[in-house]
Amino acid sequence: MNDNKAASTLGKEVGLTCCPTCNKVTCANSACCSRCDAKLKVRDYDSLQKSWALLITAAILLIPANLYPITTLTNQGQVTQDTIFSGIAHLVKTDMIPIAIILFTASILVPVLKIVGLTIYLTAISFKLPISKKKLMMGFHIIEWIGRWSMLDLFVISLTVAVVNMGQLLDAKPAPAATAFALVILLTQLAAKVIDTRLLWDRLETKNDSSTNT
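This section reports on the structure supplied with the text. Note that this is a predicted model, so its numbers are computed, not measured. (Residues numbered from 1 in each chain as written. Predicted model: local features only at pLDDT ≥ 70, side-chain atom pairs only at ≥ 80, totals over all residues. Heavy atoms only, no water.)

### A look at the overall build of the protein
Point 1. Looking only at helices and strands, the protein has eight helices and five strands in total.
Point 2. Looking at the 214 residues of the protein, the share that counts as buried comes to 36%.
Point 3. In the protein, 66% of the contacts between residues at least 6 apart in sequence involve partners at least 24 apart.
Point 4. For the protein, the exposed surface amounts to about 12,700 Å²; the carbon and sulfur share of it is 65%. (Helix = DSSP H or I, 4+ residues; strand = E, 2+ residues; numbered from the N terminus. Buried < 20%, exposed > 50% of the residue type's maximum accessible area, 1.4 Å probe, protein only. Contact = heavy atoms within 4.5 Å. Areas by Shrake-Rupley, 256 points an atom, 1.4 Å probe, with all protein chains shown as cover.)

What follows is the structure, encoded as structure tokens:
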């Protein structure tokens, strides 16, 4: 019983906090970190609103990112435009299924799952949903890790533009959806970055933590 109580004790309850820059544990009453001189906050309560704002904006931009063309190809004077879906469908038709799977995962599956995952995480903090803290933190770290692979589609577009450039005969350029898609990736990354994860341990009850349900 004592071990569970000690495990669930928060740092702020014993007058300690962690530096957001160098992670040094120091006195909560200190204004700045003694190691790196960074400004200290016991909790960044504004980070929840910031993360929600970034996430909602990313969700809105995901619509034009999938509806509008992401690439414009000029082939012997004929201009064709592809959305993310049509580009993947074209790869499937030309038997480049492995590349199509990679682009589908990076361009559609990962951004959608990241937005859904962050929504669940922020909702759990905002409305005190009875979800295990360990499971939420594990999901949050997975979201952070897979999020960086969402840039793969833009990387492919940039390589295509750099390699396929023969003037009027053959020319590839990014279309408006590329900007929207890049903003979706950037905003979801920022939404995960700005949130103070310590709020999770403050707002959820101990009984909802799988580590103490013994």
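Once the structure has been displayed, the description carries forward.
### A look at the pairing of strand 3 (residues 71-75)
Point 1. Judged by which residues are buried, strand 3 turns out to be one-sided: Thr72 and Thr74 face inward and are buried, whereas Thr71, Leu73 and Asn75, on the alternate face, are not.
Point 2. As defined by bridge partners, strand 3 adjoins strand 4 (residues 78-82) across five bridges and the pair is classed as antiparallel. Across the sheet, the residue bridging to threonine 72 is glutamine 81, located in strand 4.
Point 3. Here strand 3 folds back onto strand 4, and the loop between the two strands holds two residues, one of which, glutamine 76, carries a positive phi near 55°. (Pairing = 2+ DSSP bridges.)

### Re a nonpolar patch on the surface
Point 1. Nonpolar side chains collect at one region of the surface, where Ile63, Leu67 and Tyr68 lie side by side and expose about 350 Å² of accessible area between them.
Point 2. By the element assignment, leucine 67 lies in helix 2 (residues 46-67).
Point 3. Overall, leucine 67 belongs to the exposed group, its relative accessible area being 62%. (Patch = residues over 30% accessible without salt bridge, like charges linked within 9 Å, V, L, I, M, F, W, Y side chains within 5 Å. Salt bridge = Lys/Arg side-chain N within 4 Å of Asp/Glu carboxyl O.)

### Some details on the environment of lysine 173
Point 1. Here lysine 173 lies in strand 5 (residues 170-174).
Point 2. Between the alpha carbons of lysine 173 and isoleucine 70 there is a distance of 8.8 Å; along the sequence they are 103 residues apart.

### Digging into the packing of aromatic side chains
Point 1. Within this structure, the stated rule accounts for one aromatic pair.
Point 2. Here the aromatic rings of tyrosine 121 and phenylalanine 140 are separated by 4.7 Å at their centres, their planes lie at 25°, and the arrangement is stacked. Pair noted here: tyrosine 121 is in helix 4 (residues 97-127) and phenylalanine 140 is in helix 5 (residues 133-147), with a separation of 19 residues, a long-range link. Of the two residues, tyrosine 121 and phenylalanine 140, neither departs from the other in class, the shared state being buried. (Phe/Tyr/Trp six-rings, centres within 6.5 Å; stacked < 30°, edge-to-face > 60°.)

### Quick notes on the environment of isoleucine 84
Point 1. One can find isoleucine 84 in helix 3 (residues 84-93).
Point 2. Spatially, the C-alpha atom of isoleucine 84 lies 7.3 Å from that of serine 107, the residues being 23 residues apart in sequence.

### Topic: helix 7 (residues 176-194)
Point 1. In a regular helix each residue adds 1.5 Å, so 19 residues correspond to 27 Å; helix 7 covers 27 Å between its end C-alpha atoms and thus fits that length.
Point 2. Along helix 7, the residues that are buried comprise Ala177, Ala178, Ala180, Phe181, Val184, Ile185, Leu187, Thr188, Ala191 and Ala192. (Expected span 1.5 Å × (residues − 1).)

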